Amino acid sequence: MSVPADEITPDILLRAYAMGIFPMSDGRDDPEIHWVDPRLRGVIPLEGFHISRSLAKRIRSGRFRVTVDEDFDAVVEACATRGETWISRRIQALYLDLHRLGFAHSIEVREGTALVGGVYGVTLGAAFFGESMFSRVTDASKVALAHAVHRLRAGGFRLFDTQFLTPHLASLGAVEITRADYHRRLSDALAQRAVFAPEGYSPSPSEVASASGAISGTEPPGRMQPSTQTS
């Protein structure tokens, strides 16, 4: 189903997420927003995220500085301004509204002062809807995801929704589940309370790197899904 983009408000967007659907557009200037409810849904089991030995080494190296909610606008902008994108200007504006309302968050990865990677998503109850990610240097988006998963575990989240499954996400432990199973998990997560910024939470890079098992993986081009929702 498609609707004129200017008719969507932050409240409508949050209600859509609570129903298990998410927005996409066909490009930056698309005047419409399409609601999507995939038959198969990608999720990252929070206790099944995999970090390869090389990624763990990169996290521990100190090469990257990771921050939270310091530059949400820039992360969304980096995710949106690619050759092919599902993030229209209206969708981007809605995410900025959700951030200001406390429902959307970003994790930024910097090398020196340069923003080189990041991930952002929407939170409701104990559900985190991963929307998009980007990477300008090798492994930057993986570092962002590793920090996101560690934070979500610490905050009591129950569901990490990636909308679709890509080979990149599968390499990190993501799986595909049926629509019915997803809606059951979503209902459970919405009934719980979680905190994106737990009090006193300040893990060392070593703690993040040691938080899961080890498998190899490849670097993605865009959304958590390629041009989907978590690059």
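Note: the structure precedes this text.
Please read all numbers here as calculations on a predicted model, not as lab measurements.

**Student:** When you look at helix H5 (residues 140-154) in this model, what are you seeing that I'm missing?
**Tutor:** Along an α-helix, a turn takes 3.6 residues, which lines up residues three or four apart on a common side. The end-to-end C-alpha distance of H5, which contains 15 residues, comes to 21 Å, matching closely the 21 Å that a straight helix rising 1.5 Å per residue would cover. Where burial is concerned, most of H5 is hidden: 13 out of the 15 residues are buried. Looking at the residues trailing H5, positive phi occurs at Gly156, about 85°.

**Student:** Even after reading the chapter, I still don't get helix H7 (residues 179-190), so can you show me in this structure?
**Tutor:** With 12 residues, H7 should cover 16 Å at 1.5 Å per step; its first-to-last C-alpha distance of 16 Å lies within 8% of that length. When H7 is considered as a whole, its buried residues turn out to be Asp181, Tyr182, Leu186 and Ala189. Viewed end-on, H7 has its buried residues packed into an arc of 135°, placing them on one side of the element. Of the surrounding elements, those touching the buried residues of H7 are helix H1 (10-18), strand S4 (40-43), strand S8 (127-135), strand S9 (159-163) and strand S10 (175-178).

**Student:** Is there a simple way to think about the packing of aromatic side chains in this case?
**Tutor:** Between two aromatic rings, the relevant description is the distance of the centres plus the angle of the planes. Going through the model one piece at a time under the given rule, you end up with 7 aromatic pairs. A centroid spacing of 6.3 Å and a plane angle of 80° characterise the contact between Trp86 and Tyr95, whose relative ring orientation is edge-to-face. Residue Trp86 is classed as buried on the basis of its relative accessible area, which comes to 2%. Among the residues examined, Tyr95 registers a relative accessible area of 0% and is labelled buried. Centroid distance Phe128 to Phe196: 6.1 Å. Interplanar angle 15°. Geometry classified as stacked. With Phe128 in strand S8 and Phe196 in the loop between H7 and helix H8 (205-209), the pair connects residues that are 68 residues apart, well separated along the chain.

About the cut-offs
As a convention, each chain's residues are numbered from 1 in the sequence order in which they are written. Where local features are concerned, this predicted model is filtered to residues with pLDDT of at least 70; where side-chain atom pairs are given and counted, the filter is 80 or more; whole-chain, interface and lining totals use all residues. Based on all heavy atoms of the structure, the side-chain values leave hydrogens and waters out of the count. The secondary structure listing takes helices from DSSP runs of H or I that are at least 4 residues long and strands from runs of E that are at least 2 residues long, numbered from the N terminus. For a helix, the expected span equals 1.5 Å multiplied by the residue count minus one. The classification of residues rests on relative accessible area computed with a 1.4 Å probe and restricted to protein chains. Under 20% of the type maximum is buried, over 50% is exposed, and intermediate values are partly exposed. When we speak of the arc, we mean the arc of directions from the helix axis to the C-beta atoms. We call two residues contacting when some pair of their heavy atoms lies within 4.5 Å. Pairing of aromatic side chains here covers Phe, Tyr and the six-membered ring of Trp, requires ring centres within 6.5 Å, and sorts the geometry by plane angle: under 30 degrees stacked, over 60 edge-to-face, intermediate tilted.

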